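Examination of the molecular architecture
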Amino acid sequence: LEQAKEKYEQVKFDMNMLNNMTHRKSSRQRRFTFSPEPSIEDIRRMQADFTDERDWNKFHQPRNLLLAMVGEVGEVAELFQWRGEVAEGLPDWTESEREQLAHELSDVLIYLVELAEKCRVDLPQAVLRKMALNRLKYPASKVHGSAKKYTEYKD
Ligand SMILES: Nc1ccn([C@H]2C[C@H](O)[C@@H](COP(=O)(O)OP(=O)(O)OP(=O)(O)O)O2)c(=O)n1
């Protein structure tokens, strides 16, 4: 069953890659979007399987996951350190630097998702609720083009 699951994830991944390669336009031609898969729940489950298979749940308490996540955030910061401002799309970065960034951002996400799971936060739904609150706090009509914090608006 484990092998079948792994195979299934691999095939899904390969099909996605193939799809991307077939339909990819140059980044200048289209707006950037993510692939629809894997979902956050897919990521939660894959990391839960990874942790179970290694008997690592005993190390993955919320505080340890938080520290691990912050460590990975530090690794992301290292990639940007001393470069000055970096333009959208990272035009001056090499392929290998981009791949490194993809790895480190993924580490952050993986730990974030597992942290949310172990804290029993349903992350996809929590994000919807939080974004609804953000829209209420920062009505587009009121804050358009301004980056002031909500406490600085005096109506
Ligand atoms: N106890 C652990 C160790 C690792 N991982 C997984 C989640 C992360 O995605 C990745 C982190 O691995 P490392 O701790 O080896 O960190 P890096 O991959 O960043 O390696 P390095 O620190 O050498 O850059 O592996 C995990 O879930 N639990």
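Keep in mind the model is a prediction, meaning the values are calculated, not measured. (Residues numbered from 1 in each chain as written. Predicted model: local features only at pLDDT ≥ 70, side-chain atom pairs only at ≥ 80, totals over all residues.)

**What to know about the overall build of the protein chain**
For the record, the criterion: Runs of H or I in DSSP of at least four residues are treated as helices and runs of E of at least two as strands, each being numbered from the N terminus. Exposure is read from a count of other C-beta atoms within 10 Å of each residue's own; the residue is exposed at 12 or fewer, buried at 20 or more and partly exposed in between. C-beta atoms are placed from the backbone. Two residues qualify as being in contact provided that their C-beta atoms, derived from the backbone, are within 7 Å of each other.
Check the secondary structure of the protein chain and you find six helices and zero strands. Start at the N end of the protein chain and walk to the C end: the helices and strands fall as α-α-α-α-α-α. Scored against the burial criterion, the 155 residues of the protein chain give a buried share of 5%. In the protein chain, 74% of the contacts between residues at least 6 apart in sequence involve partners at least 24 apart.

**Section: the environment of Glu117**
With respect to the helices and strands, the residue Glu117 is situated in helix H4 (residues 95-118). Taking the number of C-beta atoms within 10 Å as the measure of exposure, Glu117 has 22 and is therefore buried. Remark: the alpha-carbon pair of Glu117 and Gln81, spanning 36 residues in sequence, is separated by 31 Å. Contact partners of Glu117, with chain neighbours within four places excluded, come to Arg44 and Ala48.

**Some points on unusual backbone geometry**
Most peptide bonds take the trans form, and the phi angle of most residues other than glycine is negative. Each neighbour pair has its own omega, and for Glu37 with Pro38 the value is 0°, a cis peptide bond. Structurally, Pro38 is set in the loop between helix H1 (2-23) and helix H2 (40-53). The phi angle at Asp55 is positive, at roughly 55°, despite the residue not being glycine. Take Asp55: it is sitting in the loop between H2 and helix H3 (62-80). A positive phi angle, close to 50°, is found at Leu90, a residue other than glycine. Inspection of the secondary structure assignment puts Leu90 in the loop between H3 and H4.

**What about the site of the ligand?**
Note the following rule: What makes a residue near a molecule or strand is its C-beta atom, placed from the backbone, lying within 6 Å of it. Throughout this entry, Asp, Glu, Lys and Arg are counted as charged residues, while Ala, Val, Leu, Ile, Met, Phe, Trp, Tyr, Cys and Pro are counted as nonpolar. The remaining residues, Gly among them, count as polar.
Every residue near the ligand is listed here: Trp56, Phe59, Glu75, Asp107 and Ile110. Looking at the shell around the ligand, its residues break down into three nonpolar, no polar and two charged.

**So, the environment of Phe80**
Looking at where Phe80 falls in the secondary structure, it is placed in helix H3. Sequence separation of Phe80 and Leu101 is 21 residues, and the distance between their C-alpha atoms is 9.3 Å.

**With respect to the confidence of the model for the protein chain**
Which entries qualify depends on this criterion: Each residue gets a pLDDT score, which is the predictor's confidence in that residue and runs from 0 to 100.
Within the protein chain, residue pLDDT values average 90, and 90% of them lie at 70 or more. Across the interfaces of the predicted complex, the ipTM metric reaches 0.97, alongside a pTM of 0.81.

**Regarding the environment of Ser106**
Structurally, Ser106 is set in helix H4. With 35 residues separating them in the primary sequence, Ser106 and Gly71 have C-alpha atoms 13 Å apart.

**Comments concerning H2**
Structurally, the α-helix is built with 3.6 residues per turn, so residues lying three or four positions apart point the same way. Convention followed: Helix span is expected to be 1.5 Å times the residue number reduced by one.
Taking 1.5 Å per residue, 14 residues should reach 20 Å; H2 reaches 20 Å between its end C-alpha atoms and fits that length. One or two residues past the end of H2 sits Asp55, with phi positive at roughly 55°.

**Some thoughts on the packing of H2 against H4**
Just so we agree on the cut-off: Orientation is described by lines fitted to C-alpha atoms, with helices fitted over the stretch in contact, and by angles between N-to-C directions that extend from 0 to 180 degrees. These descriptions rest on fixed angle ranges, namely under 35 degrees for roughly parallel, over 145 for roughly antiparallel, 65 to 115 for roughly perpendicular, and the rest for oblique.
Direction vectors running N to C along H2 and H4 enclose 85°, while the axes themselves pass 9 Å from each other. Between H2 and H4, the angle falls in the class roughly perpendicular. Only Leu109, Ile110, Val113, Glu114 and Glu117 of H4 make contact with H2, whose side of the interface consists of Ile40, Ile43, Arg44, Gln47 and Ala48. Looking at the contact of H2 with H4 residue by residue, the classes come out as six nonpolar, one polar and three charged.

**Let's talk about the packing of H3 against H4**
The line we're drawing: The handedness criterion is simple: a crossing whose near helix is rotated anticlockwise from the far helix by less than a right angle is left-handed, and one whose near helix is rotated clockwise is right-handed.
Between H3 and H4, the least distance of the axes is 9 Å, while the angle of their chain directions is 160°. On the basis of the axis angle, H3 is roughly antiparallel to H4. Classified by chirality, the crossing of H4 by H3 is left-handed. From H3, Pro62, Leu65, Leu66, Ala68, Met69, Glu72, Val73, Glu75, Val76 and Leu79 reach across to H4, where they touch Glu97, Gln100, Leu101, Glu104, Leu105, Asp107, Val108, Tyr111, Leu112, Glu114, Leu115 and Lys118. Looking at the contact of H3 with H4 residue by residue, the class counts come to 14 nonpolar, one polar and seven charged.

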